[in-house]
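Each chain, written out:
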Amino acid sequence: MVVTDQINALRALGTDPVRKLVVPRVLAGFFMTPVLTVISDTVGILGGWLIAVYQLRVASSLYWTSITEALYLQDAWMGIIKPFFLGYVIVTIGCHVGLRTSGGTQGVGRSTTSAVVAASVAVIAVDFFITRLLVYAVVLMATSSIRDAPALERRSAPERPAVVFDKVSLAVRRQGRAEGSELYVAARSHEDHPRRQRLGKSTILKLILGSGGRTAAKSGCTDRASTTCPKST
Amino acid sequence: MSEVDLMKVRNHLGMVFQEGALFDSLTVAENVGYKLYEETDMPLDDVRRRVEEVLGFVRLSEHIDKMPSELSGGQRRRVAIARAMAFKPPTLLYDEATTGLDPITATTIDEEVLKLRDLENVSSIVVTHQLRDAFFVATHEAVQDGNNIEITAADAKKCDEAEFIMLKDGLITFEGNAAELRASTDPYVRTFLS
């Protein structure tokens, strides 16, 4: 528009070129770049799935599980916040260079190249500073929440138990004198629990008793787990 | 002057650029009515009527919904003139309005300039290096007889009203009417006239 005098025509007709041309573009870049980022992230993840499954022969479920495990929430937030700034920078640079074009059609080509180069460098630079700022903000929020929050509860029990106790019976037998009680436990572990292989019945007993050292000496590992409680004193 | 003050001045000026400078993405009607649509509160129907009126003045009514790329060079200049006069400015600036056009089309543009000057009372500043067009505008006038508009040779008094200013290296080298220009003995003027 500059080389064909359309910008001068706009001024001659009483219209501010910045208000008419620049502001809508800056607003569009500011608000739509995050949307485009989400779309491109989605396409990138789908593309990675295609390559992983069909070229690298990785299991599909493993790919999707790895994504959810590897992706931190703060990374996702940074990926949404940064495009606002980057979109503003890209569009502003493009408008600035475009409105200063000179030299006819050759000048248009030069301006296009200048805008792309300047915007690319600016994206890298702005990305560095925004990342530092966001990381600092995340650390600041995390430390303040740790400082202010009560002691964290320890969640040791999985949502889904590794072992289901099919039958639990407690028998107290007295043979003339109190020799303690016997606890019979029949346990069945979940077939598809990820820690199934490491959770044997002797381990269960240790868990029940809450310790490992003392019961280990007294527990046995048979189909039907049994142990004797310490003699009462 | 600040840009805000300049905008106020521009309300009284219309300008015709060298290549027309029409907005490529708008139709002829949207180009001609641009200032009325964007910068005034005129009702849309009134704007449309004014657009049709000025396009009729430059004899391009049938091209009202076309895009600028569909027009010839001369038609684009005439649409540019229509756009410049649509909001009835008291002064019009023509920047090489006939440069690059064939003589017949250039005469058409000159006639539009005369019609605006004589029938719409628009003061015109014409920048050109085409002496033929400059003398044509200076020595002719538009006369309206009912619905007919004729371009006729102007009398001496009318010719005196058209002032020539010739520039050389940023300085004014001649000021006067058409007859004085033809009679000038300045070497630069003589070179230009020959």
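Residues numbered from 1 in each chain as written. Chains lettered and ligands numbered in written order. Predicted model: local features only at pLDDT ≥ 70, side-chain atom pairs only at ≥ 80, totals over all residues. Heavy atoms only, no water.

A. Quick peek at the confidence of the model for chain A. Residue and element names in this part refer to chain A. Chain-level pLDDT for chain A is 74 on average; 61% of the residues reach the 70-or-more range. Ranking the elements of chain A by mean pLDDT puts helix α7 (residues 213-216) last with 36 and helix α2 (residues 17-54) first with 94. Under a pLDDT of 50 for its full length, residues 195-199 has, in the predicted model, seven contacts with residues more than four places off or in other chains. Note that pLDDT drops below 50 for residues 210-233; the model gives that stretch 32 contacts with residues more than four away or on any other chain. (pLDDT = per-residue confidence, 0-100. Helix = DSSP H or I, 4+ residues; strand = E, 2+ residues; numbered from the N terminus. Contact = heavy atoms within 4.5 Å.)

B. View of the nonpolar core. Core analysis: the biggest nonpolar cluster contains 46 residues, and V32, L55, Y94 and L116 of chain B have the highest contact counts within it. Where this core is concerned, the elements lending two or more residues are α1 (6-12) of chain A together with α2 (28-32), α3 (34-39), α4 (44-57), α5 (73-85), β2 (91-95), α6 (103-119) and α7 (131-139) of chain B. Considering every element that reaches this core, the biggest residue donor is α5 of chain B, with six residues. Counting residues in hydrophobic clusters, the runner-up holds 11 residues, among them L131, A162, F164 and V189 of chain B. (Core = buried A, V, L, I, M, F, W, Y, C linked by side-chain atoms within 4.5 Å. Buried < 20%, exposed > 50% of the residue type's maximum accessible area, 1.4 Å probe, protein only.)

C. The packing of aromatic side chains, seen in detail. Throughout the structure, instances matching the rule amount to nine aromatic pairs over all chains. Relative to F84 of chain A, the ring of F30 of chain A lies with its centre 5.2 Å away and its plane at 55°, an arrangement referred to as tilted. With a gap of 54 residues between them, F30 of chain A in helix α2 and F84 of chain A in helix α4 (residues 73-99) connect regions that are remote in the sequence. Judged by its relative accessible area of 29%, F30 of chain A falls in the partly exposed class. Taken together, a centroid distance of 5.1 Å and an interplanar angle of 75° make the contact between F128 of chain A and F129 of chain A edge-to-face. Residue class for F129 of chain A comes out exposed when judged on its relative accessible area of 56%. Each member of the aromatic cluster is reached from another via a ring pair, and the members are W49, Y54, Y63 and W64 of chain A. K35 of chain B extends its terminal NZ or CZ atom over the ring of F87 of chain B, reaching a point 4.9 Å from the ring centre. The ring centre of F135 of chain B lies 4.2 Å from the NZ or CZ of R182 of chain B, which sits over that ring. (Phe/Tyr/Trp six-rings, centres within 6.5 Å; stacked < 30°, edge-to-face > 60°. Lys NZ or Arg CZ within 6 Å of the ring centre and 35° of its normal.)

D. Quick look at the sheet that holds β2 of chain B. Residue and element names in this part refer to chain B. The strand order β1-β2-β3 describes an open sheet built from three strands, whose pairing is parallel. Taken across any chain shown, the strands that pair with only one partner, and hence form the sheet edges, are β1 (13-16) and β3 (123-127). Direction aside, neighbouring strands of the sheet carry axes that sit 15° apart on average. One ladder, built from four bridges, connects β1 with β2; its direction is parallel. Bridge pairing in β2 places V16 opposite Y94. The sheet contacts of α5 involve β1 and β2, and relative to β1 the element is tilted by about 175°. (Pairing = 2+ DSSP bridges. Axes fitted to C-alpha atoms, helices over the stretch in contact; angles between N-to-C directions.)

E. Geometry of the packing of α5 of chain B against α6 of chain B. Residue and element names in this part refer to chain B. Interaxial distance between α5 and α6 falls to 9 Å at its minimum, and their mutual angle equals 15°. By the criterion of interaxial angle, the relationship of α5 to α6 is roughly parallel. In terms of crossing hand, the pair formed by α5 and α6 is right-handed. Of the residues in α6, those in contact with G74, R77, R78, I81 and M85 of α5 are T105, T108, I109, E112 and L116. (Parallel < 35°, antiparallel > 145°, perpendicular 65-115°, else oblique. Left-handed = near helix turned anticlockwise from the far one by under 90°.)

F. Quick look at the side chain of K115 of chain B. Residues and elements named next belong to chain B. With respect to the secondary-structure elements, K115 resides in helix α6. From its side chain, K115 meets the backbone oxygen of F57 in a polar contact 2.7 Å long. Discounting chain neighbours no more than four positions away, the residues touching K115 are F57, R59, E120, A142, I149 and I151. (Polar contact = N/O pair within 3.5 Å; in protein donor to acceptor, adjacent residues only side chain to side chain.)

G. Expanded view of the pattern of salt bridges. All names here are of chain B. The full count for this structure, using the stated rule, is 14 salt bridges over all chains. Notably, a salt bridge pairs E112 with K115, separated by 3.4 Å at the nearest N-O pair. Here K115 and E112 lie together in helix α6, a separation of three residues that amounts to about one turn. Accessibility classification places E112 together with K115 in one group, the buried group. Its salt-bridge partner being R132, residue D133 comes within 2.9 Å of it at the nearest N-O pair. (Salt bridge = Lys/Arg side-chain N within 4 Å of Asp/Glu carboxyl O.)

H. Structural detail: the confidence of the model for chain B. Residue and element names in this part refer to chain B. For chain B, the average pLDDT comes to 88, and 100% of its residues sit at 70 or higher. Looking over chain B, one finds the lowest element-wise mean pLDDT in helix α1 (residues 3-10), namely 80, and the highest in α2, namely 94. Model confidence for the complex is summarised by a pTM of 0.64, with the ipTM given as 0.78.

I. Geometry of the environment of G87 of chain A. All names here are of chain A. With respect to the element layout, G87 can be found in helix α4. By relative accessible area, G87 is classed as buried at 2%. Note: C-alpha distance between G87 and F31 (56 residues apart in sequence) is 7.9 Å. Filtering out sequence-adjacent residues up to four positions away, G87 remains in contact with G29 and T33.

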